[in-house]
Amino acid sequence: MASRKILYVCQEIMPYLPESELSGLSRRLVQAMQERGNEIRTFMPRYGCINERRNQLHEVIRLSGMNLIIDDNDHQLIIKVASIPAARIQIYFIDNDDYFARKAVLNDSDDAPFPDNDERAIFFARGVLETVRKLNWSPTVVHCMGWMSAVVPIYLKKVFNDDPLFRDVKIVVSLAADRFAEPLDALFAQKIANEGVRDEKLAILATPSYENLYRFVIDYADGITVDSAEASQQLVEYARQSGKPVLEYRKPDDEDFFDNYNRFYEELQ
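Residues numbered from 1 in each chain as written. Predicted model: local features only at pLDDT ≥ 70, side-chain atom pairs only at ≥ 80, totals over all residues. Heavy atoms only, no water.

**Q** Quick one: what's the story with the overall build of the protein chain, residue by residue and with numbers?
**A** Secondary structure assignment for the protein chain yields nine helices and eleven strands. Reported as C-alpha extents along the three principal axes, the dimensions of the protein chain are approximately 45 × 45 × 40 Å. Taken over 269 residues, the protein chain has a buried fraction of 57%. In the protein chain, of all internal contacts separated by at least 6 residues, the share reaching a separation of at least 24 is 68%. (Helix = DSSP H or I, 4+ residues; strand = E, 2+ residues; numbered from the N terminus. Buried < 20%, exposed > 50% of the residue type's maximum accessible area, 1.4 Å probe, protein only. Contact = heavy atoms within 4.5 Å.)

If you want it as structure tokens, here you go:
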């Protein structure tokens with residue numbers, strides 16, 4: 001079986017955030033695919049609640065310093081890296097003082113979502129793809145895990161589609177139990193359009209709910225994985241009806257759980 005170059009774009013990964021269904025799967029899936037001979041690059045946001053000293057994060061100067069313009073404002077892109085020694089896994093972190101310095105993940109101390117979560121997702125997506133460009137690394141599969149990564153498929157299809165590094169990439173989108181209750185900022189669609197995305201389907205994001213975001217993103221995907229029994233059944237059915245390959249949910253303790261992911265990636269090529 002030929003190895004693949006898999007780019008994982010993750011909303012959360014343990015041990016950098018507390019264990020959840022999504023952070024645990026992200027951690028184990030990355031390791032399992034590396035152990036099966038695939039070449040892996042893994043990214044997540046550097047949320048301010050991540051202890052850099054304890055987790056031994058350090059800045060990668062040669063990759064940092066670029067400014068990204070989001071909604072007409074400049075934001076510095078900072079790249080940090082850390083390793084999980086027991087698994088021999090390296091994690092890249094997308095950082096920026098405006099978006100990720102706060103000591104929280106997606107919600108404030110009152111459990112209300114941050115009003116700029118839409119821009120944080122845009123910055124994260126741009127940051128990941130610009131960094132992969134700097135690494136001059138051409139993935140064969142990009143797997144987006146968690147809604148914070150949901151802008152990546154849009155960029156790959158509409159902004160970076162002429163870049164030779166990404167021209168032939170296959171996009172996989174996870175459906176997980178990561179639903180947000182309140183819609184994102186009402187200008188989310190316009191902010192994406194300002195990034196150079198021209199698509200009449202952006203109209204669905206006039207109401208940027210979780211369901212509408214994923215309906216939009218599934219249309220850009222080459223394959224969908226159902227990673228939780230608690231995933232939105234409306235979106236699971238939408239994925240099935242799309243005619244695209246769907247890896248149905250299975251319990252993580254199934255003997256061939258990770259082999260199924262490996263075969264799924266292979267079948268997309």
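**Q** Explain the packing of helix α7 (residues 210-218) against helix α8 (residues 233-241) residue by residue, including any values.
**A** Interhelical geometry of α7 versus α8 gives an angle of 15° and a closest axis separation of 10 Å. Overall, the two elements α7 and α8 adopt an arrangement that is roughly parallel. Crossing of α7 against α8: the hand is right-handed. Taken together, the residues of α8 that come into contact with α7 (itself represented by Tyr 210, Glu 211, Tyr 214, Arg 215 and Ile 218) are Gln 234, Leu 235, Tyr 238 and Ala 239. (Axes fitted to C-alpha atoms, helices over the stretch in contact; angles between N-to-C directions. Parallel < 35°, antiparallel > 145°, perpendicular 65-115°, else oblique. Left-handed = near helix turned anticlockwise from the far one by under 90°.)

**Q** Describe helix α4 (residues 117-135), with residues and values.
**A** Relative to the 27 Å expected for 19 residues at 1.5 Å per residue, α4 spans 27 Å between its end C-alpha atoms, a close match to the ideal helical length. In terms of residue burial, α4 counts as a mostly covered element, since 17 of its 19 residues are buried. One or two residues past the end of α4 sits Asn 136, with phi positive at roughly 55°. (Expected span 1.5 Å × (residues − 1).)

**Q** So what's going on with the pattern of salt bridges? Residues and values would help.
**A** One side chain can pair with another of opposite charge once the charged atoms of both are near each other. Within this structure, the stated rule accounts for 23 salt bridges. Taking the shortest distance from any N to any O, the salt bridge between Arg 133 and Glu 130 comes out at 3.4 Å. Remark: Glu 130 and Arg 133 occur in helix α4; sequence separation between them is three residues, near one turn of the helix. Look at the salt bridges and you will find they share partners, linking Arg 126, Glu 130, Arg 133, Asp 163 and Glu 195 into a network. (Salt bridge = Lys/Arg side-chain N within 4 Å of Asp/Glu carboxyl O.)

**Q** So, unusual backbone geometry: which residues are in play, and what are the values?
**A** Omega for the bond connecting Met 14 with Pro 15 falls within 30 degrees of zero, at 15°, which places this linkage in the cis form. Structurally, Pro 15 is set in the loop between β1 (5-10) and α1 (21-35). Here the phi dihedral of Asp 111 falls at roughly 65°; this positive angle occurs in a residue that is not glycine. The topology assignment puts Asp 111 in the loop between α3 (97-100) and α4. At Asn 136, a position not held by glycine, the phi torsion is positive, near 55°. Residue placement: Asn 136 occurs in the loop between α4 and β8 (141-145).

**Q** So what's going on with the packing of aromatic side chains? Residues and values would help.
**A** The final tally for this structure, using the stated rule, is 15 aromatic pairs. Between Tyr 99 and Phe 123, the ring centres sit 5.5 Å apart and the planes meet at 55°, which makes this aromatic pair tilted. Residue Tyr 99 is found in helix α3, and its partner Phe 123 is found in helix α4; the two are separated by 24 residues along the sequence. When sorted by exposure, Tyr 99 lands in the same class as Phe 123, which is buried. The ring centre of Phe 114 lies 4.6 Å from the NZ or CZ of Arg 102, which sits over that ring. Seen from the ring of Tyr 220, Lys 201 lies directly overhead, with NZ or CZ sitting 5.0 Å from the centre. (Phe/Tyr/Trp six-rings, centres within 6.5 Å; stacked < 30°, edge-to-face > 60°. Lys NZ or Arg CZ within 6 Å of the ring centre and 35° of its normal.)

**Q** Lay out the side chain of Asp 118 in plain terms, naming residues and giving numbers.
**A** With respect to the element layout, Asp 118 can be found in helix α4. The class of Asp 118 is buried, set by a relative accessible area of 0%. In this structure, Asp 118 is in contact with Leu 184, Asp 185, Phe 188 and Lys 191, ignoring residues within four places of it in sequence.

**Q** Explain α1 to me, using residue names and the numbers behind them.
**A** For α1, spanning 15 residues, the distance from its first C-alpha to its last is 21 Å, which sits close to the expected 21 Å at 1.5 Å a residue. Most of α1 sits out of view: eleven of its 15 residues are buried. When α1 is considered as a whole, its buried residues turn out to be Leu 22, Ser 23, Gly 24, Leu 25, Ser 26, Arg 27, Leu 29, Val 30, Gln 31, Ala 32 and Met 33. Taken from the residues just after α1, Gly 37 is the one with a positive phi, measuring 90°.

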